[in-house]
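Close look at the chain arrangement
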Amino acid sequence: MPEILFNLVYIGLLICCAMCLYRVGRGPTAPDRTVAIDILGIVVVGFAAVLAVQTGKEYLLNVAIAWALLSFIGTIALAKHLEGKGFDE
Amino acid sequence: MSNAIGIAILGIGVLFNLMGCIGLIRLPDVYNRLQAATKCVTLGTCLILIGACILSGSVPTVLKCVICIIFVLITSPTAAHALARGAHTMGVKLWEKSVIDQYEEEKGSQS
């Protein structure tokens, strides 16, 4: 019984990822695409946590932590680039 | 029993994530999309991580999940704020039915 529920969770998260990728490809301006990449990073953190619990492999949680921080750094860099500034201003 | 509670919290988190991503698709404007998607997806991912805590129950997993929740809660609003500021400075227009733009007024009064 829990296997079916986990499959439903996976399908929901995959639909989220597909919607984010649609916005990355379609978005009219550059900030749209950056927002979608940020959201995709957060969704993938949840995905890694669910995968870690279902398969019992704990190292996937380390992947989730690293992914959260790297996604944050990438978004900040892109936002600074959009603003037209360097990193130390 | 704790399995049922964990899976219920996991399902609620996935529903929040879906709502946020529907907002990302449907709303008309960068700022609207940012607002809807960031808030819903942050809450949904935190609920998913809490559900993972309850489902696993071992101490290292719970610690890692709590660290991950703290990181997501700190970094997501910061990134959203920087993105909104960057988009406004870049000159992305608001939706034509928006009623107020206080950041623009503040910039105009300063210069």
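Residues numbered from 1 in each chain as written. Chains lettered and ligands numbered in written order. Predicted model: local features only at pLDDT ≥ 70, side-chain atom pairs only at ≥ 80, totals over all residues.

Some thoughts on the overall build of chain B
Secondary structure summary: chain B contains four helices and zero strands in total. Secondary structure of chain B in N-to-C order comes out as α-α-α-α. A compact globule built from 111 residues would reach a C-alpha radius of gyration of about 13 Å, whereas chain B, at 18 Å, exceeds it by more than 25%. Along the first, second and third principal axes, the C-alpha atoms of chain B reach 60 × 25 × 15 Å. Counting over 111 residues, chain B shows a buried share of 42%. (Helix = DSSP H or I, 4+ residues; strand = E, 2+ residues; numbered from the N terminus. Rg over C-alpha atoms; globule rule 2.2 N^0.38 Å. Buried ≥ 20, exposed ≤ 12 C-beta atoms within 10 Å, placed from the backbone.)

Considering helix α1 (residues 2–26) of chain A
Between the first and last C-alpha of α1(A) there are 36 Å, a value that for 25 residues agrees with the 36 Å anticipated at 1.5 Å per step. On its buried face, α1(A) sits against α2 (30–55) of chain A together with α1 (2–26) of chain B. (Expected span 1.5 Å × (residues − 1). Contact = placed C-beta atoms within 7 Å.)

Some remarks on the packing of α1(A) against α2(A)
When two helices pack together, you describe them by how their axes are tilted relative to each other and by the distance separating the axes. Residue and element names in this part refer to chain A. Remark: α1 packs on α2, axes separated minimally by 9 Å, with the N-to-C direction vectors making an angle of 165°. Overall, the two elements α1 and α2 adopt an arrangement that is roughly antiparallel. When the axes of α1 and α2 are compared, the crossing they make is left-handed. Taken together, the residues of α2 that come into contact with α1 (itself represented by Phe-6, Val-9, Leu-13, Cys-16, Cys-17, Cys-20, Arg-23 and Val-24) are Asp-32, Arg-33, Ala-36, Ile-37, Ile-39, Leu-40, Val-43, Gly-46, Phe-47, Val-50 and Gln-54. Class assignment of the residues belonging to the contact of α1 with α2 gives a composition of 14 nonpolar, two polar and three charged. (Axes fitted to C-alpha atoms, helices over the stretch in contact; angles between N-to-C directions. Parallel < 35°, antiparallel > 145°, perpendicular 65-115°, else oblique. Left-handed = near helix turned anticlockwise from the far one by under 90°. Nonpolar A, V, L, I, M, F, W, Y, C, P; charged D, E, K, R; others polar.)

Let's talk about the nonpolar core
By size, the foremost hydrophobic cluster in this structure holds 56 residues, and its most contacted members are A:Ile39, A:Val43, A:Ala49, B:Leu49 and B:Ala52. Every element with two or more residues in this core is listed here: α1, α2 and α3 (59–83) of chain A together with α1, α2 (30–56) and α3 (59–90) of chain B. With 15 residues, α2(B) is the largest single contributor of residues to this core. Contact partners of A:Ile39, with chain neighbours within four places excluded, come to A:Cys20, B:Gly20, B:Leu24, B:Ala37 and B:Val41. (Core = buried A, V, L, I, M, F, W, Y, C linked by C-beta atoms within 7 Å.)

Looking at the interface of chain A and chain B
Counting residues at the interface gives 41 residues for chain A and 44 residues for chain B. Secondary-structure elements contributing two or more residues to the side of chain A that touches chain B are α1, α2 and α3 of chain A. Considering every element that reaches the side of chain A that touches chain B, the biggest residue donor is α2(A), with 15 residues. Within the side of chain A that touches chain B, the residues separate by chemical class into 29 nonpolar, six polar and six charged.

Some details on the confidence of the model for chain B
Of all residues in chain B, 99% attain a pLDDT of 70 or more, and the chain-wide mean is 88. Interface confidence for the predicted complex, expressed as ipTM, amounts to 0.88; the pTM equals 0.89. (pLDDT = per-residue confidence, 0-100.)

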